[in-house]
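One letter stands for each residue in the lines below.
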Amino acid sequence: MERFRFKFIVFLFLSVVFFGYSAILYFTETEQPQIPNKSAQKGKMLWQQKNCVSCHQLYGLGGHLGPDLTNVYAIRSEEYIKAFLKSGTTVMPDYQLSETEIQELLEFFKYTNTTGVADPASFSKHLNGTISQQ
Amino acid sequence: MEPSHNNKYIKIFITTGLLFLLSALFFGLAGALEYVVPGVWRNIFSFEKIRPLHVSSAVFWILTTAIGSVLCFLKEHNEQNIKNIKIIRLAFYIFTFSFVGILISYCFGIFGGREYWEFNPLFSIPISMGWILFIVVFLSNFKTLKKQPVYVWMWFTGALFFLFTYLESNLWLIPNIRNHLIKDMTIQWKSYGSMVGSWNMLIYGSSIYLLDKISGSKKYSFSNIAFWLYFLGLFNLMFNWGHHIYTLPTQPYVKHIAYVVSMTELLIFGRIIYLWKSSVTTAQKHFHINSYRFLIGADVWVFLTLGLAILMSIPALNIYMHGTHTVVAHTMGATIGINSMLLLAFAYDILKPKTKPKFGYWLINVSLVVFWIALIVAGFSKAYWQFNNPEIPYGEMIAQLKPWFYVFFVSGIVLVIGLVMVIIPLLKRR
């Protein structure tokens, strides 16, 4: 009986801390900006509807067939990105995107670029095993 | 306990799960071919359809078979038929229609576009309903947690936390979360990390039950060490998920908590090493039992996968593995080497085929080692590119990895052959 009560209290304690932690994350705002306009919001939805994440990554999370696109807006010109979106590549199909859709995706990439830097080489390593980024 | 009249409704979960596994293998091979011959499917059935077909089929194999084995073992544990079998039948139909519907929707290019759960979010309604029905049946089949072995606690935890984390993974539907990329990704990976922990609770719980059954003793399941390890697993399920997002600019405390909590897994790793000798002796004793053979295979893969996971959980090492094929190696080690190996052990115990899966078993394990190493080497090569040669175009870097993709593809074919050899006797016994 005593052992059961102890186990149950540990279970309950961990659960309460877990749900409290979850609530903090749901309601705390991060430093990064929200998606600024409707066009970029639509771009994000387009990113999901076309399932871009199956080949591409944001912050290293996603598929491996194509490159990480978090900071593509800073690395490549708009024309370069547009060319890819318009015609695809030897691996990526042409999704027959309209001019508006291409613009919405560009707005989304413009936004993702403002949220941070995804390049792992931009992190400094510390002796205690942690990392930091300027 | 011998199977009785309502067993067929539970067994159907296992056989359906095996069909999803076959689907995962088929689309896995098709996807792997894309790495060897880039663009091979471009105009026929492009990769953004193949990958979710592979991933979702694998997840459905895990979920369906995990539910079936929990119900079957709960029935044996209680030594009486499962109550509310009609509800389970309803849940089975809901899951099957939803899962098949999802696979069909992918073929038509209908996506929700969230990694791993890439289907339209409308499918989440029946999936959640099916899971609630599973919980109702599960809870109605035991009166209290008092005097219950550790595996019943694990099933209970897995069933409840899966529902919570699954619902949590749909929070992106709320505009305030969806329109805040970093918050969205933080919650997304929080839910995924804990969700995998939840289905692991169902699967590991069943593996402890099966070990008890084979050894004929329930001493371990009631022991203090079993419960300490259960609480350690629960602690990690709840708080270690942040190691997926060390490079995401989210709140720093998320990463610090994840780092510290993940390091507690060293206790499990150390225990495996400490008990290595006695584990080998026990393994030799029971190795002739089909299901036990798969349990031993999973043990070896727990050691390898956990070792890699611990290294990946150190942020300073994580940056060399994150976003590379090393993460794929870890996922494959966990889903094939651990989850699938354990689920096959349950299937062999429940369906009891007469054929011994000797050759298929060794084929799976040997090819999986080659497959795993090829991915790790490809991952390290990609990391080298990220840190030293980022000026080389992505496509060129991927082309340089091709030799490793060939090894990955050929070992993948052998792996599929091995798995099919193991699955066929099970399907014949359904």
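Residues numbered from 1 in each chain as written. Chains lettered and ligands numbered in written order. Predicted model: local features only at pLDDT ≥ 70, side-chain atom pairs only at ≥ 80, totals over all residues.

Novice: A description of the overall build of chain A should follow, citing residues and the corresponding values.
Specialist: Within chain A, the secondary structure is distributed over five helices and four strands. For a compact globule of 134 residues, the expected C-alpha radius of gyration is about 14 Å, and chain A comes in at 21 Å, more than 25% above that figure. Counting only residues that meet the buried cut, chain A has 29% of its 134 residues in that class. By sequence separation, contacts in chain A at least 24 residues apart represent 55% of the contacts at least 6 residues apart. (Helix = DSSP H or I, 4+ residues; strand = E, 2+ residues; numbered from the N terminus. Rg over C-alpha atoms; globule rule 2.2 N^0.38 Å. Buried ≥ 20, exposed ≤ 12 C-beta atoms within 10 Å, placed from the backbone. Contact = placed C-beta atoms within 7 Å.)

Novice: Now, about the overall build of chain B: what can you tell me, with residues and values included?
Specialist: When you go through chain B residue by residue, the secondary structure sums to 17 helices and zero strands. Taking 430 residues into account, the globule formula puts the C-alpha radius of gyration at 22 Å, and chain B, at 21 Å, falls close to it. Projected onto the principal axes, the alpha-carbon positions of chain B cover approximately 65 × 50 × 45 Å. Partitioning the contacts of chain B with sequence separation of at least 6, the portion at a separation of at least 24 is 81%.

Novice: Run through the domain arrangement of chain A, naming residues and quoting values.
Specialist: The domain boundaries assigned to chain A delineate domain 1 (2-30) and domain 2 (38-119). Its C-alpha centre places domain 1 of chain A at a distance of 38 Å from the equivalent point of domain 2 of chain A. (Domains from an automatic or database assignment.)

Novice: If you had to explain the interface of chain A and chain B to someone new, which residues and values would you point to?
Specialist: Taken residue by residue, the interface counts 45 residues in chain A and 48 residues in chain B. Where the side of chain A that touches chain B is concerned, the elements lending two or more residues are helix 1 (2-27), helix 2 (38-49), strand 2 (61-62), helix 5 (99-115) and strand 3 (123-125) of chain A. If you tally residues by element for the side of chain A that touches chain B, the top one is helix 1 of chain A, at six residues.

Novice: Explain the environment of asparagine 78 of chain B to me, and be specific about the residues and the numbers.
Specialist: Tracing the sequence through the fold places asparagine 78 of chain B in helix 2 (residues 47-78). Aside from chain neighbours lying at most four places away, what touches asparagine 78 of chain B is Asn141 and Phe142 of chain B.

Novice: Please set out unusual backbone geometry residue by residue, giving values where relevant.
Specialist: Backbone geometry follows two general trends: most residues other than glycine have a negative phi, and most peptide bonds adopt the trans configuration. With a phi close to 55°, glutamine 96 of chain A is a non-glycine residue in the positive phi region. Its place among the elements puts glutamine 96 of chain A in the loop between helix 4 (78-87) and helix 5. A positive phi is found at lysine 147 of chain B, a non-glycine position, where the angle reads about 55°. Structurally, lysine 147 of chain B is set in the loop between helix 4 (124-140) and helix 5 (150-168).

Novice: Would you mind going over the packing of helix 4 of chain A against helix 5 of chain A in detail, with residue names and values included?
Specialist: Residue and element names in this part refer to chain A. At their nearest, the axes of helix 4 and helix 5 sit 10 Å apart, and the two run at 130° to each other. Taken together, the axis directions place helix 4 and helix 5 in an arrangement best described as oblique. Along this stretch, helix 4 crosses helix 5, giving a crossing that reads as right-handed. Counted together, Glu78, Ile81, Lys82, Leu85 and Lys86 of helix 4 and Ile102, Leu105, Leu106 and Phe109 of helix 5 form the full contact between these two elements. Grouping the amino acids of the contact of helix 4 with helix 5 by side-chain chemistry returns six nonpolar, no polar and three charged. (Axes fitted to C-alpha atoms, helices over the stretch in contact; angles between N-to-C directions. Parallel < 35°, antiparallel > 145°, perpendicular 65-115°, else oblique. Left-handed = near helix turned anticlockwise from the far one by under 90°. Nonpolar A, V, L, I, M, F, W, Y, C, P; charged D, E, K, R; others polar.)

Novice: Please set out the nonpolar core residue by residue, giving values where relevant.
Specialist: All names here are of chain B. Membership of the largest hydrophobic core comes to 149 residues, with the highest contact counts inside it found for Trp155 and Leu342. If one sorts the elements of this core by residue count, helix 2 sits on top with 17 residues. In this structure, tryptophan 155 is in contact with Val70, Leu74, Phe138, Leu202 and Gly205, ignoring residues within four places of it in sequence. (Core = buried A, V, L, I, M, F, W, Y, C linked by C-beta atoms within 7 Å.)

Novice: Could you give an account of the confidence of the model for chain B, with specific residues and numbers?
Specialist: Residues and elements named next belong to chain B. Per-residue confidence for chain B gives a mean pLDDT of 93; residues scoring 70 or more make up 98%. The model gives residues 1-5 a pLDDT under 50, and that stretch makes three contacts with residues more than four places away or in other chains. As a predicted assembly, this complex carries a pTM of 0.95 together with an ipTM value of 0.96. (pLDDT = per-residue confidence, 0-100.)

Novice: Help me get a handle on helix 4 of chain B, residues and values and all.
Specialist: All names here are of chain B. Its 17 residues give helix 4 an end-to-end C-alpha distance of 24 Å, which sits within 8% of 24 Å, the value for a rise of 1.5 Å per residue. Ile127, Gly130, Trp131, Phe134, Val137 and Phe138 are the residues of helix 4 that are buried. Down the axis of helix 4, the sector holding all buried residues measures 120°, keeping them to one side. Those residues of helix 4 that are exposed and angled more than 90 degrees off the buried face are Ile125 and Ser140. Along its buried surface, helix 4 packs onto helix 2, helix 3 (85-107) and helix 5. (Expected span 1.5 Å × (residues − 1). Arc of directions from axis to C-beta.)

Novice: Lay out helix 8 (residues 224-239) of chain B with the relevant residues and their values.
Specialist: The terminal C-alpha atoms of helix 8 of chain B lie 22 Å apart, and with 16 residues this matches the ideal 22 Å at 1.5 Å per residue to within 8%. Those residues of helix 8 of chain B not exposed but buried are Tyr230, Gly233, Leu234, Asn236, Leu237, Met238 and Phe239 of chain B.

Novice: I'd like a rundown of the packing of helix 14 (residues 325-351) of chain B against helix 15 (residues 358-388) of chain B, residues and numbers included.
Specialist: All names here are of chain B. At a closest axis distance of 6 Å, the pairing of helix 14 and helix 15 adopts a crossing angle of 160°. Viewed along their axes, helix 14 and helix 15 adopt a mutual orientation that is roughly antiparallel. The element helix 14 and its partner helix 15 pack so that their crossing is left-handed. Residues His325, Thr326, Val328, Ala329, Met332, Gly333, Ile336 and Gly337 of helix 14 pack against Leu368, Phe371, Trp372, Leu375, Ile376, Ala378, Gly379, Phe380 and Lys382 of helix 15. Its residues assigned to classes, the contact of helix 14 with helix 15 comprises 11 nonpolar, five polar and one charged.

Novice: Account for the environment of glutamate 391 of chain B, naming residues and giving values.
Specialist: Relative to the helices and strands, glutamate 391 of chain B is located in the loop between helix 15 and helix 16 (394-400). Sequence-wise, glutamate 391 of chain B and glutamine 148 of chain B are 243 residues apart; in three dimensions their C-alpha atoms are separated by 59 Å.

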